[in-house]
Amino acid sequence: MTTWHRTGHPTRKTRKTTGRRAVAALGLACAMVVLTAAPGSAGSGGPVGAPDPYFPLAGNQGYDVEHYDLDLDFTPATDLLVARAAIKAEAHRDLTRFSLDFSGPAVERVDVDGRPAAYSRDGQELTVVPAAKIRAGRDFTVTVRYRGTAAPIEDPALGVYGWINTDDGAVALNEPDGARSWYPVNDDVRDKATYTFRITAPAGLTALANGEPQGRPRTVGDRTTATWSMRKPMSSYLSMIAIGRFTVTDGRVGRLPNITAYDPAGDGDDAALHRTTADAVRWGQERIGRYPFDSTGGIIDRIDVGYALETQARPVYDGEPDEATIVHEIAHQWFGNSVTPKTWADLWLNEGFASYAEMLWQEEHGGPTAQEVFDRLYATPAADDFWHLKTADPGRDDLFDYEAVYLRGAMALHALRTTIGDRDFFTLLKVWAEKYRYGSADTRDLMNLARRISGEDVKPLFDAWLYTAAKPPPPRR
């Protein structure tokens, strides 16, 4: 997710100004996630399954990706990226052609199962025509070689994201559909896969990515290659790399590696990041359940985008983050990264849960209680724009509306808590994180789970708090 900085600078997910007076009084930091899914062309009759309503051009439902193997060779002095992406997938139907999302550098060659394939590009679509039909149920590998300069995506509503060149390297922040700026991808938020990253850069630079390092970096001549592996399923918007001059700290949270890094040319260091990340992981394990990935950590860089992002297992921060922002991004590892929404319309499931985690953290660490925060926000007049969007379907251009998606998402969870009681609510948090671990879920799934755990008919509460663009009645206490 991306985050709202407590300095008051709006992020690409928060473009509203009304209602901020209430937010500033609470001292809350917030973050967000964005995903995209939609159809390309599959087989001879179009994609299987429905595209995402907010991002209908992203994704291809004709196949399911199992693994991305990315070889990336980057030279910061020229911004040249020379790359090979090998994508292992399973066909959901017979495929005579299929598409990948890719708006990155020029394609030099495409192979399917080792045989040259025809291809064409149109906007963000890379359409591939294999030499032979791929039968439904069969695994296949498409390999794309490409070379050139990668550039970020600049969206009037969503901001700057994707591949971003920095003073001494590059960072990739993909939310919502920025992965296509630097590798060919099936950018359907539901299509999770494992990843291998081999990143080559000039010697003296450090390359980081999701997951865990595979051995030590290898230097040959004046170039160094680092290999990272993410073994748990990951949506493409959560993939990440960072190349530059970093100071790295290795530690542990129990048996879990905690790898943090910072750019020493920026302000501060990562001592607070390393410590607070460990504290937030331990706290999350107590409140939510076992941590879903094989390592944790974070990266501080000078990116100049004004947000942080909850990239899987290792969030990226644009400058030194405060405690609330770290807690928010770590909470996303459960809510958003492990359990991911089925569509972007349900982004509140990420941001509402992570924002409510901030409230719970503050409640237990000397700050206001969640009830006090809720009461202050609920006092916002009904005519205020604070209430003017639906939390569970805000619309594409308001996907990251801070008030509607983050704060009101957290408020909806608190209203649910007061309605079903603490025992059932905190049971719900743990069961939700475990039941849908590494998968996808939607608001209806949460409502049904809350009803099964509590025995309460919570549909009226969900309708009022999530699907109505108006101030709801106060929850029952």
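Conventions adopted
- Residues numbered from 1 in each chain as written.
- Predicted model: local features only at pLDDT ≥ 70, side-chain atom pairs only at ≥ 80, totals over all residues.
- Heavy atoms only, no water.
- Salt bridge = Lys/Arg side-chain N within 4 Å of Asp/Glu carboxyl O.
- Buried < 20%, exposed > 50% of the residue type's maximum accessible area, 1.4 Å probe, protein only.
- Helix = DSSP H or I, 4+ residues; strand = E, 2+ residues; numbered from the N terminus.
- Pairing = 2+ DSSP bridges.
- Axes fitted to C-alpha atoms, helices over the stretch in contact; angles between N-to-C directions.
- 1 Å grid on protein atoms, 1.4 Å probe; cavity = no way out; pocket = protein on both sides within 12 Å on 5 of 7 lines; lining within 4 Å.
- Points joined across faces, edges and corners; volume = space filled by probe spheres on them.
- Nonpolar A, V, L, I, M, F, W, Y, C, P; charged D, E, K, R; others polar.
- Contact = heavy atoms within 4.5 Å.
- Parallel < 35°, antiparallel > 145°, perpendicular 65-115°, else oblique.
- Left-handed = near helix turned anticlockwise from the far one by under 90°.
- Phe/Tyr/Trp six-rings, centres within 6.5 Å; stacked < 30°, edge-to-face > 60°.
- Lys NZ or Arg CZ within 6 Å of the ring centre and 35° of its normal.
- Polar contact = N/O pair within 3.5 Å; in protein donor to acceptor, adjacent residues only side chain to side chain.
- Lys, Arg positive; Asp, Glu negative; His and termini not counted.

Moving on: the pattern of salt bridges. Tallying each qualifying case throughout the model produces 27 salt bridges. Note that D188 and R190 form a salt bridge whose closest N and O atoms lie 2.9 Å from each other. The class of D188 is buried, set by a relative accessible area of 4%. Classification of R190 by relative accessible area gives partly exposed; the value is 34%. Where R231 meets E212, a salt bridge forms, and the shortest distance between an N and an O atom there is 3.1 Å. One end of the pair, R231, is in strand β18 (residues 223-234); the other, E212, is in strand β16 (residues 212-213), and 19 residues separate them in sequence.

On to the sheet that holds strand β12 (residues 159-165), then. Pairing is antiparallel across the open sheet formed by five strands, whose spatial order is β11-β12-β13-β19-β15. The sheet is open, and its two edges are formed by β11 (152-155) and β15 (206-209), each paired on a single side. For this sheet, the mean angle separating the axes of adjacent strands, direction not counted, is 20°.

Taking burial as the measure, the five residues of strand β9 (residues 125-129) include four buried ones, the bulk of the element. Judged from the four bridges that link them, strand β5 (residues 98-101) and β9 form a sheet pairing that is antiparallel. Residue pairing for β9: D101 is matched across the bridge by E125. Across five bridges, the pairing between strand β8 (residues 118-122) and β9 is antiparallel.

Here the focus is empty space enclosed by the protein. Taken as a whole and assessed by the stated rule, the structure comprises four cavities of 30 Å³ or more. Taken as a whole, the largest cavity encloses approximately 80 Å³ of empty space. Along the walls of the largest cavity sit W283, R287, I288, F335, F353, Y356, A357, L360, L413, F425 and L429, which together make up its complete lining. Every element with two or more residues in the lining of the largest cavity is listed here: α2 (271-287), α4 (348-364) and α7 (422-435). Looking at which element gives the most residues to the lining of the largest cavity, the answer is α4, with four residues. By residue class, the composition of the lining of the largest cavity is ten nonpolar, no polar and one charged.

Now for the sheet that holds strand β23 (residues 316-318). Within the open sheet, the four strands sit side by side as β20-β21-β22-β23. Their pairing is mixed. Unpaired on one side and paired on the other, β20 (247-253) and β23 mark the two borders of the sheet. Put simply, the sheet's adjacent strands are angled 15° from each other on average, direction ignored. In this sheet, strand β21 (residues 256-262) lies alongside β20 in antiparallel orientation, the contact comprising seven bridges. Its bridge partner being in β21, T249 is matched across the sheet by T260. The strands touched by α2 within the sheet are β20, β21, β22 (296-301) and β23, with β21 carrying the most contacts at an inclination of about 145°.

This paragraph deals with the packing of helix α6 (residues 402-420) against helix α9 (residues 459-466). Orientation of α6 relative to α9, taken along the N-to-C sense of each, is 160°, at an axis distance of 10 Å. Classified by the interaxial angle, the pair formed by α6 and α9 is roughly antiparallel. Read as a crossing pair, α6 and α9 show a hand that is right-handed. Counting all contacts with α6, which are made through R408, M411, A412, A415, L416 and T419, the residues of α9 involved are L461, F462, W465 and L466. Class assignment of the residues belonging to the contact of α6 with α9 gives a composition of eight nonpolar, one polar and one charged.

Enumeration according to the criterion identifies 29 aromatic pairs in this entry. A centroid spacing of 6.0 Å and a plane angle of 75° characterise the contact between Y378 and W387, whose relative ring orientation is edge-to-face. According to the relative accessible area criterion, Y378 is buried, its value standing at 16%. Here the aromatic residues Y68, F74, W163, W182, Y183, Y195 and F197 are joined through ring pairs into a cluster of three or more. The ring of Y438 has R437 sitting right over it, with the charged end atom 5.7 Å from the ring centre.

On to the side chain of S295, then. On the secondary structure map, S295 appears in the loop between α2 and β22. Looking at S295, its side chain comes within polar contact range of the main-chain oxygen of G211, at 3.2 Å. A distance of 2.7 Å separates the side chain of S295 from the side chain of E212, its partner in a polar contact. With residues up to four places along the chain from it excluded, the contact list for S295 reads G211, E212, L256, P257, A313 and R314.

So, about the packing of α6 against α7. One can describe the packing of α6 onto α7 by two numbers: an axis separation of 6 Å at closest approach and a directional angle of 130°. Our classification of the angle between α6 and α7 gives oblique. Facing α6, whose interface residues are L413, L416, R417 and I420, α7 presents D422, D424, F425, F426 and L428. Grouping the amino acids of the contact of α6 with α7 by side-chain chemistry returns six nonpolar, no polar and three charged.

Another aspect to go through is the layout of surface pockets. Considering only enclosed or pocket space, the largest pocket measures out at about 310 Å³ in volume. As for the largest pocket, its lining consists of 19 residues, of which T206, A207, P213, P217 and W228 are closest to the centre. For the lining of the largest pocket, the secondary structure elements donating two or more residues are β14 (193-202), β15, β18 and β20. Element by element, the count of residues in the lining of the largest pocket is highest for β18, at five residues.

With that out of the way, let us pick up the side chain of D301. Relative to the helices and strands, D301 is located in strand β22. This buried residue, D301, is left without a salt bridge; R302 holds the nearest opposite charge, at 5.0 Å. Residues contacting D301, with those up to four places away along its chain left out, are T166, V171, F246, D263, Y317, D318 and G319.

Moving on: unusual backbone geometry. In this structure, P176 follows E175 across a cis peptide bond, with omega equal to 5°. Inspection of the secondary structure puts P176 in the loop between β13 (170-173) and β14. You will see that D304, though not glycine, has its phi angle at about 65°, which is positive. Along the chain, the position of D304 falls in the loop between β22 and β23. You can call D304 exposed: its relative accessible area is 73%. In this structure, Y438 is a non-glycine residue whose phi angle is positive, near 65°. When you line up the elements, Y438 lands in the loop between α7 and β25 (440-441).

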